[in-house]
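Overview (structure and organization)
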Amino acid sequence: MKNNGSKTDKRRKSHGPTSLLEASPLVRRFATRIVDAAGNGPILDVACGVGRNAVIFAQLGCTVICLDKNQDLLRRLPNNPRILPMQMDLATDHWPFGRCQLGGIVNIHFLLPTIFRRFKSSLSPGGHLLIETVPAHGNNFLELPKEGELRSALDGAFDFDFYQEKKAGPLEYKKVTVRLLARRRD
Ligand SMILES: C[S@@+](CC[C@H](N)C(=O)[O-])C[C@H]1O[C@@H](n2cnc3c(N)ncnc32)[C@H](O)[C@@H]1O
């Protein structure tokens, strides 16, 4: 098989499966691209839960900072030296990352647009931001963003490799689920 010597190949070495939990299909689809763009920077898994999305990045050789406010969930993170727990409340605590400190950011099933400006500042140029809102069910459309809201919040600082909106709830609310992969501009 052809080996193009990518950073991902070089780092895909020691750590085998550490968890049976399945990552989001969007994470699995773009993980290699995110890792290759991350350089030596860590990936931040925002509101990581029990870390189902972190495992694949650790397996690909990246350090993953798993951030969540719930200490009980952090205790259940996969036991992998590349997965680093960080307990903080994103709504109230001081943002701990400096400029261009992160190689990538993954933000699945948790949405707090007020931290997007932190993402912009702490993500290295060329690094990827992956966002997936919760799927639509029942009345949860109320907590989903409006059409175009996430695109316009990130436009300017990011280019979009992938952007998908699907209508959620009654049409007049103009709510959508969003899945996106954006790349930090230089
Ligand atoms: C639906 S779970 C998603 C977990 C994970 N991203 C996944 O896809 O499996 C939402 C997570 O957000 C975390 N969370 C909610 N509010 C938070 C906050 N203010 N700061 C940090 N984490 C928060 C919860 O503890 C929970 O783990």
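The structure presented is a predicted model; accordingly, all values stated were derived computationally and were not measured. (Residues numbered from 1 in each chain as written. Predicted model: local features only at pLDDT ≥ 70, side-chain atom pairs only at ≥ 80, totals over all residues.)

Focus on the overall build of the chain
Stated precisely, the cut-off is as follows: Secondary structure elements are taken from DSSP: a helix is a run of H or I of four residues or more, a strand is a run of E of two residues or more, and numbering for both begins at the N terminus. Partly exposed residues are those whose C-beta has more than 12 but fewer than 20 other C-beta atoms within 10 Å; with 20 or more the residue is buried, with 12 or fewer it is exposed, and the C-beta atoms are placed from the backbone. Contact between two residues is assigned when their C-beta atoms, built from the backbone, lie within 7 Å.
Counting its regular elements, the chain contains 6 helices and 7 strands. Listing the helices and strands of the chain from first to last along the sequence gives α-α-β-α-β-α-β-β-α-β-α-β-β. Residues counted as buried form 35% of the 186 residues belonging to the chain. In the chain, 61% of the contacts between residues at least 6 apart in sequence involve partners at least 24 apart.

Digging into helix α2 (residues 25-38)
Applied cut-off: Expected span of a helix, by definition, is 1.5 Å for each gap between consecutive residues, and there is one gap fewer than residues. Two axes enter the bend calculation: one fitted to the seven residues ending at the residue in question, the other to the seven starting there, and the bend is the angle between them.
Along its 14 residues, α2 runs 20 Å from first to last C-alpha, staying within 8% of the 20 Å computed at 1.5 Å per residue. Roughly 50° is the biggest bend found in α2, and it falls at A31. Trailing α2 by a residue or two, G39 shows a phi angle of about 60°, which is positive.

So, unusual backbone geometry
Positive phi values are uncommon outside glycine, yet C100 reaches one of about 55°. Structurally, C100 is set in the loop between β3 (83-87) and β4 (102-108). Classification of C100 by C-beta neighbours within 10 Å gives partly exposed; the count is 14. We note that K174 has phi near 55°; this positive angle belongs to a residue other than glycine. Checked against the element boundaries, K174 lands in the loop between β6 (158-168) and β7 (175-184). By C-beta crowding, K174 is classed as partly exposed, having 16 other C-beta atoms within 10 Å.

Here's the deal with the pairing of β7
A regular strand places its side chains on the two faces of the sheet in alternate fashion. The condition that has to hold: Two strands are counted as paired when DSSP detects at least two bridges linking them.
Within β7, 8 of the 10 residues are buried, which leaves it mostly tucked inside the rest of the structure. As judged from the 5 bridges shared by strand β5 (residues 123-132) and β7, these two strands associate in the antiparallel manner. By the bridge assignment for β7, L129 is matched with A182. Direction of pairing for β6 relative to β7: antiparallel, over a ladder of 10 bridges. Counterpart to D159 in the pairing with β7 is R183. Taking the residues that link successive antiparallel strands as the turn, the β6-β7 hairpin has 6 residues, and the phi of G169 there is positive, at about 75°.

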